[in-house]
Amino acid sequence: MDTLSSTLAAGGNAAASTGAVIPGWFMITSGIIVVAILIFDLLLVIKRPHVPSMREAGIWVAFYVALALAFAGSLFWIGDAQHGSEFLTGWLLEYSLSIDNLFVFIIIMSSFQVPRKYQQEVLMVGIIIAIIFRGIFILAGAAIINAFVEVFFLFGLFLLFVAYRQAFSSEDEGDGENALIRFLRKRINVVDEYHGNKLRVELDDGKKYWTPMFIVFLAIGSTDVMFALDSIPAIFGVTQNAFLVFTANVFALMGLRQLYFLLGGLVDKLVYLHYGIAAILAFIGVKLFLHALHETDVSWLSWGNSVPEVPTWLSLTFIVVAMVVATLASLWKMKREGKSFRDAGATETEAKQD
């Protein structure tokens with residue numbers, strides 16, 4: 001356990017030298033609590049597959065938000081204000097970026113016409129896959145940063161590219177299938193109809209076939225890899241503490257399943273939301289560049305020490321303002337076009353699945 005604790009903390013000690021070191025007992029205790037909640041949530045979905053009501057989804061979202069705030073409060077309570085503010089900023093960043101997950105979840109569910117009764121199970125599996133991949137990328141990212149701080153320049157360039165793609169890409173993703181899924185469909189036997197939540201079935205001809213549920217899990221999992229590639233460089237711009245990076249990701253992802261049912265088809269009606277996300281990614285990309293200028297040992301970049309770094313409070317403020325402005329602008333456009341809040345609910349495809 002001591003080795004694990006030191007590994008998780010190593011990524012942030014250099015960057016957060018003015019703050020307290022997060023105690024090992026705190027990391028272990030909070031990790032156990034989070035894993036226990038995830039297991040309970042997973043068992044609940046498996047034992048009772050259903051479509052949650054707006055009230056149920058709202059209660060769960062509020063619970064996970066309160067849990068994240070309690071975690072931040074506990075960091076402040078142990079006297080670690082710096083790490084507490086870094087966690088809050090990172091959590092808000094990951095929560096806002098997870099809106100992208102919701103977009104793709106909605107597209108995948110609609111394209112594969114997943115029965116709403118089993119959508120909770122699909123989402124839960126997708127979230128667990130996302131947590132696993134992000135954990136791997138976080139540990140790899142922390143190791144790379146410790147050995148090669150100039151990687152922040154690459155992270156910054158990558159985030160600026162992603163921000164541009166987020167704001168101006170016109171790529172059609174409506175078919176819900178990526179290259180991996182199209183490749184597999186041509187090479188394995190897949191039945192057209194769902195057989196409950198089974199991944200593989202044996203039909204009357206004696207042959208075994210994969211079900212659409214298997215394809216949906218692959219679609220969710222493979223897209224989660226891409227989300228991790230976008231997300232992890234962004235949060236390393238807020239904190240380099242691997243423990244905080246991981247917990248911010250976990251707390252942001254834990255409430256995503258309920259948020260999906262709470263918002264229904266609303267997020268795809270907030271037409272300016274992707275501009276807010278693009279602005280956040282671009283801001284963090286610039287912040288990473290400034291941080292790299294301060295940390296690098298390259299002599300001809302020594303002038304970067306005179307450039308001020310972006311403080312955590314400014315990052316937190318920018319994230320909140322960007323999301324609020326994008327949401328209000330989208331709602332204003334809906335109102336101008338005569339669309340009501342109710343009109344922005346579930347799509348026609350989703351309604352047929354009820």
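Above this text is the structure in question.
It should be emphasised that the depicted structure is a prediction, and the values quoted were computed from it without experimental measurement. The numbering scheme is per chain: residues are counted from 1 as the chain's sequence reads. With pLDDT at 70 or above as the cut-off, local features in this predicted model cover only qualifying residues; side-chain atom pairs require 80 or more to be listed or tallied, and sums for whole chains, interfaces and linings still use all residues. The side-chain values count all of the structure's non-hydrogen atoms but skip hydrogen atoms and water molecules.

### Some details on the overall build of the chain
(1) Moving on: In this description a helix means any DSSP run of H or I spanning at least four residues, a strand means any run of E spanning at least two, and both kinds are numbered starting from the N terminus. A tally of regular secondary structure across the chain gives 14 helices and two strands.
(2) Moving on: Buried means the residue's accessible area, taken with a 1.4 Å probe over protein chains only, is under 20% of the maximum for its type, while exposed means over 50%, and partly exposed covers the values in between. Within the chain, the fraction of its 354 residues that count as buried is 49%.
(3) Moving on: The method behind every accessible area is Shrake-Rupley, applied with a 1.4 Å probe, and residues are considered shielded solely by the protein chains displayed. Looking at the chain as shown, the accessible area adds up to about 17,100 Å², and 66% of this sits on carbon and sulfur atoms.

### Looking at the packing of aromatic side chains
How two aromatic rings sit relative to each other is given by the distance of their centres and the angle of their planes.
(1) Moving on: Two rings belonging to Phe, Tyr or Trp (six-membered ring only in the last case) form a pair when the distance between their centres is within 6.5 Å. Interplanar angles under 30 degrees mark stacking, angles over 60 mark edge-to-face geometry, and anything in between is tilted. Counted by the stated rule, this structure contains 13 aromatic pairs.
(2) Moving on: Taken together, a centroid distance of 5.7 Å and an interplanar angle of 85° make the contact between Phe87 and Phe251 edge-to-face. Pair noted here: Phe87 is in helix H4 (residues 81-97) and Phe251 is in helix H10 (residues 242-254), with a separation of 164 residues, a long-range link.
(3) Moving on: One aromatic cluster is present, built from ring pairs that chain together Trp25, Phe26, Phe71, Phe87, Phe243 and Phe251.

### Remarks on empty space enclosed by the protein
(1) Moving on: Any residue with an atom within 4 Å of a point lines the site, the site being either a cavity, points on a 1 Å grid over the protein atoms alone where a 1.4 Å probe fits but cannot get out, or a pocket, an open set with protein on both sides within 12 Å along at least 5 of 7 lines. Grid points are joined across faces, edges and corners, and a volume is the space filled by probe spheres set on the points. The final tally for this structure, using the stated rule, is two cavities of 30 Å³ or more.
(2) Moving on: The computed volume of the second largest cavity comes to approximately 40 Å³.
(3) Moving on: Lining the second largest cavity are Asp41, Leu44, Val45, His50, Glu56, Trp60, Gln120, Arg257 and Gln258.
(4) Moving on: The dominant element in the lining of the second largest cavity, judged by the number of residues it contributes, is helix H2 (residues 24-47), at three residues.

### As for the pattern of salt bridges
(1) Moving on: We define a salt bridge as a contact between a side-chain nitrogen of Lys or Arg and a carboxyl oxygen of Asp or Glu at a distance within 4 Å. Enumeration according to the criterion identifies one salt bridge in this entry.
(2) Moving on: Arg134 is the partner of Glu94 in a salt bridge, and the nearest nitrogen-oxygen pair spans 3.3 Å. Pair noted here: Glu94 is in helix H4 and Arg134 is in helix H6 (residues 119-147), with a separation of 40 residues, a long-range link. No difference in accessibility class separates Glu94 from Arg134, as the two residues are buried.

### Things to note about H4
(1) Moving on: How far a helix is expected to stretch is found by multiplying one less than its residue total by 1.5 Å. Taking 1.5 Å of rise per residue, 17 residues should cover 24 Å, and H4 covers 24 Å from first to last C-alpha, within 8% of that figure.
(2) Moving on: Most of H4 sits inside the fold, with twelve of its 17 residues counted as buried.
(3) Moving on: Along H4, the positions that sit buried rather than exposed are His83, Gly84, Glu86, Phe87, Thr89, Gly90, Trp91, Leu93, Glu94, Tyr95, Ser96 and Leu97.

### A few points about the packing of helix H3 (residues 54-77) against H10
(1) Moving on: Angular values range over 0 to 180 degrees, each being the angle between N-to-C directions of two axes fitted as lines to C-alpha atoms, with helices fitted over their stretch in contact. Running from N to C, H3 and H10 point in directions that differ by 160°, and their axes come no closer than 8 Å. Between H3 and H10, the crossing angle belongs to the class labelled roughly antiparallel. Like other packed secondary-structure pairs, H3 and H10 cross with a definite hand, here left-handed. Of the residues in H10, those touching H3 at Tyr64, Leu67, Ala68, Phe71 and Leu75 are Phe243, Leu244, Thr247, Phe251 and Met254. Each angle receives one of four descriptions, namely roughly parallel if under 35 degrees, roughly antiparallel if over 145, roughly perpendicular if within 65 to 115, and oblique otherwise. Less than a right angle of anticlockwise turn of the near helix away from the far helix marks a crossing as left-handed, whereas a clockwise turn marks it as right-handed. Only heavy atoms enter the contact rule, under which two residues are in contact if any of them lie within 4.5 Å.

### Re the packing of H2 against H3
When two helices pack together, you describe them by how their axes are tilted relative to each other and by the distance separating the axes.
(1) Moving on: Interaxial distance between H2 and H3 falls to 12 Å at its minimum, and their mutual angle equals 175°. Judged by the inter-axis angle, H2 sits roughly antiparallel to H3. Residues Phe26, Ser30, Ile37, Phe40, Asp41 and Leu44 of H2 touch H3, and the partners they reach there are Trp60, Phe63, Tyr64, Leu67, Phe71, Ser74 and Leu75.

### Comments concerning the environment of Arg116
(1) Moving on: Locating Arg116 in the fold gives a position in the loop between helix H5 (99-111) and H6.
(2) Moving on: Considering only alpha carbons, one finds Arg116 and Pro52, 64 residues apart in sequence, at a separation of 9.6 Å.

### Here we look at the side chain of Gln240
(1) Moving on: Tracing the backbone through its elements, the reader meets Gln240 in the loop between helix H9 (212-235) and H10.
(2) Moving on: A polar contact of 2.5 Å, which involves the side chain of Gln240, links it to the backbone oxygen of Phe236. Pairs of N or O atoms are called polar contacts if they sit within 3.5 Å, as long as, within protein, a hydrogen donor faces a hydrogen acceptor (for residues adjacent in sequence, only side-chain-to-side-chain pairs).

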